[in-house]
Structure formats: structure tokens, C-alpha cells
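Chain residues, written in single-letter form:
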Amino acid sequence: MSLSSRHGLLKSVCATGVLALAVVSSPTVAQIVNLPSYNVDINQTSVSGLSAGGFMAVQFDVAFSSTLRGAGIIAGGPFYCAQGSLLTATSTCSCVPFGCFGQSSTNVAQLIAITDRDAGRGLIDATSNLARHRIWLFSGSNDTAVPQRVMDDLSTYYRHYIDAGKISYKNDIAAEHAMPTDFFGNPCATRADPFISNCNYDAAGQLLQWIYGNLHPKNTGQLGGSFINFNQSEFIDQATSHGMAPDGWLYVPATCGNKEGCKLHVVFHGCKQYETYRYSSPSGQVTFGTTYVRNTGYNKWADANNMIVLYPQATASGPNPNGCWDWWGYDDPDYAVKTGRQMTAVKRMIDRIASGHEGLPAPADVHATAVADTTVSLSWSAVAHATGFNVYRDGAKATGSPVPVTSFTDAGRSPGRTYSYTVKAVDSTGAEGAASNPLDVTTTGTPTIPAPTNVKVDAVGASSVTLSWTAPADATGFDVFRAGTSGGPFAKVNPSLVTGTSFTDSGLTGSTTYFYVIKSEAAGGGLSGPSMEVSAKTEAPPTCFTATNFDHVVAGRAHDNFFIAEANGSNQVLGLDNVFIVTTLKQTGPNIYVIASCP
């Protein structure tokens, strides 16, 4: 296909479908400012998008997976779905402009292979980061632009990297191709400008709650924050030449404007949803303006949950007449990886917003208020802007969720053991601040310790048994106990504390069964209970014969080799066979003897 043919097809495509989405509003006159920084933990960032913005959100989520914590996708498809081809974008990944003819697969296996290749080359972040992401997907059952088979493929794609329990897929609402809300837009079954539909379903709220967990109920009244119109041109050279508007939008709750700790969510609009887009309505020509920014439901949730919403803006350009995000390569062959122009620009916006991050300070005055055999009670000073605290014991979190007060009792500890505690403040986004100084606390009582595990018999001889085991944490040594009958009574057989995890019990009687248990010893001298019991039967003792050389030969224990007596099997020389020298032979096998001293 020639370049001119592609551009002609693109104009037709963008005029009719998934490369073309819209919303209704008058443009808002605002002073354009440089994008400010806020107290945002960048690791509390997520993305979402609709249609072309959904494809963009997927590629951003995959490319920058080490930064993000999840994504919400409405009517999008797998990473690199179009593979740089407009034809693939309009015939496989979507059904515009002419509808889908057949059920072409997006070839998920190939897209996964491309993803892994790009990660291996460092073009995108390591795919292992995706395992911690939470993904929310929506596909209207009546969507004729991005049919459910494409979203099904997206679900399959994400499940390759993410446990199914972290993926929510809503696909049972009879919605057409649009952003579903519970308060604004066309009837749910409509596919038309502004491509926001009132389906009595709050998609923005559902995806934010899925990604971030429990959130405060949304603000159903007047918003308390501010809309900020910012300069996008500082993040990408010649923005409009590369499909990006010279300005973008930000919703900032009042708390975030006051430098409290906040989360960040990035929303990618669809095609024909850029600010200067104009379309016909029953009331006349409408300029799209900030309709998507103000009427998709994100701000209601953001206002109540210390969440900034970034609305980067695409715009129309020569090869992109309907202001789509670049998800098929109209501007940049590297559109889907970290170095893509639009991808880089949005990541720079995120970095700018998060550059004002001020982590909470470490809690001070951490001290023990009570100590018992199995409990330690702690207290510490309050931290401004903290919504809770996490307590760590020996480096591991001791609190299941942040405690909302400045005290905590750690139960279930072991007597006579020393534990090291630190405390971290948590802000409204769930981000932790600096750790306090460590506090070592020793519980009262006699130390207890678990018994060894995996006790087994490693070797058995005629007079010895060798045992081994797995040591529990904090054991300083072990005692080995032996009995002649199962269940005891047992007697300790090691003369001193065994500091390793094996022991050989010697001086035993052959052909005898012995029973063993092992006990751990703690630093304070306390012993654990007994391990599981194991048993071993010693081998039969060797048979020994003491006789003259002549008698050994006569008895067949030795043989005459040119008048020299040699022991059978070992060929040890006994001496002249007709000399009455007394020698002791030990039988070590059938007709095998060695010179030895026997017990």
C-alpha cells in the first residue's frame, strides 16, 4: 500500500470508528501553566484508556511496568496489536471503517513473543513487573468497533503474565463502543459522538477501586479540587506535528494541592476526543473541549481519595486527522516502546508530577510499653499527614494492614527471645515513609525453640548409626537421645552439645535395633520437645577365626600359594602354611577374609 493510499484509508478510518472517538463540551478558557510537581509517590501511578486510548494504555502499562501498579482498559487490545500496520489495526484489532469480515485473531502468542523480545532488548521494562499489576477490563457486548474477541485476546495476553485473580473482566453489559458512566452521555446502546454513554455503570470508579483496593466513596457533590491546563509542549518537541496537543489537563484535589501524599492516575482519551474537535449535534456544531476531562467520572473518585488525574491530550495532525494516540505507528516506528515520542512525553509528565514527592518522616520515640513471655507492646510518636503505621519485626511486616493509632501489641512471640522492631508511617496512598530506628526487645520467660525436622538415618554399621536433621531458626545446638524400644525411655548419647546437623552414635551392638529422637537447644539453654522418632538396626558383627596358618588353609579360609599361606579374597600373606603361626582372620564376605583384630 502506498503512503498516499494509507493516508487516504486513515482519513476514512478515523472518520468512522475505533480510530475515532469523541465527547461533548464547550472549550474551557484557562491559563496555561507549566506542569507543577506534587507530593506523589510514583509507584502509586496507574493508567486507563478508551479505545485508541485503551490501546495506548496497554502499551504504556507494559512498557513502563516497573513504575505502574495497574491499568484499566475499555475497548482496547493486546500490546503491539497493530504491529505497525494500519491494515492490521483496522481489520484485526478493530472493525473500522468497513466492519470486520471474519474473526481474525490478534495472534496472542506472537504478541507475547514480541513483548518478551522487546523486554529482552531493554526496549520495555522486564515483564516480571507485570505480575504485581492489577488489571481491569471492560468490553460492551454490543461493541461493533472493538469486538469482544479482541478484548478476550487482551485478557488472554495479560493472563500470560499476571495471575487471573488480579484481572477483572466485565463483559456482560449491552454497551456499544463508548466510555460507560452512571451520569452522563448517550443511551448505552449508542455508537456516536460523544462516545460517552450513560449505562448506569461507573466504569471509572470500578477500575480505580480494582487497581487501588478499598477507596473512600466518591464525591457526589461539587468538586473541591482544581482543573489545571498545562503546557505539553515542554515534554515533546513540535507537539502538534507528532499528534499531541500543545496543552493538557490535570485534576488536582485540594489535599494534593496542599502537598499531602497523593496517588496519580493517567487517562488516555480516544480519537475525536481532543479539545478542538468539532462535530454536529441536534443543537448545532459542538466543540469537544474538556468533555472527557470533566464527564467520565474519574474526578469524583479522585477528589475523595487523594488522587491526581492526568489527562494528556492528543490532537489532529496530517497522518492523524482525528487526534488519536499513536497505537499503530502513524508518527513513530517506536510508538509502543519506552523511546516512542508520545510514550516518552507522557512518562516525562509523570516524572514531573512525582518530582515533588516528600516521603513521610520516620516515627520517633519507638519504645516498649509492656513485655511478657509471648507479647511485646510498642508505642511511638505521631507523624503529620500519616493515616496509619506498619510495624516490622525482624525485617518482616508484623501488621496485616496499617494500624491507625500510635501503638501496637505483637502477640504470639516466643519466651526469652530477642526481636528487632521498626515502624514506618503510611500516607493516604498507602505509601510508606522512612523507617524508625530499630528497637530490640527480649521477651520474658524461658526460651523455647522448635524441634529439628527431617530427622533421618544416613548410615548404619555393625557398631554405629549416623543421623542427620534440619535445624530450626535460632538453635544453638542439639542433643541426641537413644532408646532400646520405641517410645523410650531415651537417654542422651552425645557427651557435649552437637553444633552441626549430623551425629554418629558409635559403640553399638551388632544386629540390634535402636530408636532416636533429637532436641534443639536455645541460646538460654532451653530444650525443645523431641523430634519425630527414627530407628535403625545395626549390621551383624563380623565373624572372626583365630588359628594357625596351616589350620586356616585346611579350613579353606586361606590357600597355599607356593607354600605361602594367603587369606582368601584379600590375598594378605599369613606366612608359611606349614608354620604354626597363629593369625586372626575376619570374614567380610562370602569366602573373603582379612587379617584383623576382632572385638
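Residues numbered from 1 in each chain as written. Predicted model: local features only at pLDDT ≥ 70, side-chain atom pairs only at ≥ 80, totals over all residues. Heavy atoms only, no water.

The next point concerns the overall build of the protein chain. The secondary structure content of the protein chain amounts to eleven helices and 35 strands. Its C-alpha radius of gyration of 38 Å places the protein chain more than 25% over the 25 Å reference for a compact globule of 599 residues. Its C-alpha atoms put the protein chain at 130 × 65 × 40 Å along the principal axes. By residue count, 51% of the 599 residues in the protein chain fall in the buried class. Of the contacts made within the protein chain by residues no fewer than 6 positions apart, 68% connect residues no fewer than 24 positions apart. Side-chain charges in the protein chain split into 36 positive and 44 negative, and the spacing between the mean points of these groups amounts to 5 Å. (Helix = DSSP H or I, 4+ residues; strand = E, 2+ residues; numbered from the N terminus. Rg over C-alpha atoms; globule rule 2.2 N^0.38 Å. Buried < 20%, exposed > 50% of the residue type's maximum accessible area, 1.4 Å probe, protein only. Contact = heavy atoms within 4.5 Å. Lys, Arg positive; Asp, Glu negative; His and termini not counted. Charge placed at Lys NZ, Arg CZ, Asp CG, Glu CD.)

With that out of the way, let us pick up the sheet that holds strand 8 (residues 196–198). Hydrogen bonds between backbone groups are what pair the strands of a sheet, and the pairing can be parallel or antiparallel. A sheet is described by the order of its strands in space; here three strands give the open sequence 6-8-7, paired in parallel fashion. Sheet topology places strand 6 (179–181) and strand 7 (186–187) at the edges, where each strand pairs with a single neighbour. Pairing analysis gives three bridges linking strand 6 to strand 8, with the strands arranged parallel. Considered in strand 8, the bridge of threonine 181 is made with asparagine 198. (Pairing = 2+ DSSP bridges.)

Next up on the list: the side chain of glutamate 176. Looking at the secondary structure, you find glutamate 176 in the loop between strand 5 (167–170) and strand 6. Comment: no salt bridge for buried glutamate 176; closest opposite-charge side chain is arginine 191, at 4.8 Å. Of note is the side chain of glutamate 176, whose polar atom sits 2.6 Å from the side chain of threonine 144. Non-local contacts of glutamate 176, meaning those with residues more than four positions away in its chain, are made with Asn142, Asp143, Thr144, Cys188, Ala189, Thr190 and Arg191. (Salt bridge = Lys/Arg side-chain N within 4 Å of Asp/Glu carboxyl O. Polar contact = N/O pair within 3.5 Å; in protein donor to acceptor, adjacent residues only side chain to side chain.)

This part takes up unusual backbone geometry. Of the consecutive residues aspartate 193 and proline 194, the connecting peptide bond is found in the cis state with omega at 10°. Tracing the backbone shows proline 194 in the loop between strand 7 and strand 8. Residue proline 489 follows glycine 488 across a cis peptide bond; omega there is 10°. One non-glycine residue, tyrosine 80, lies in the positive phi region at around 60°. If you check the backbone angles, lysine 272 has positive phi at about 55° while not being a glycine. When you line up the elements, lysine 272 lands in the loop between strand 11 (262–268) and strand 12 (278–281). Its relative accessible area of 11% is what places lysine 272 among the buried residues.

This part takes up helix 6 (residues 203–212). Most of helix 6 is tucked away, with seven of its ten residues classed as buried. Among the residues making up helix 6, those that are buried are Ala203, Ala204, Gly205, Leu207, Leu208, Ile211 and Tyr212. Backbone geometry just downstream of helix 6 places glycine 213 in the positive-phi region, at approximately 85°.

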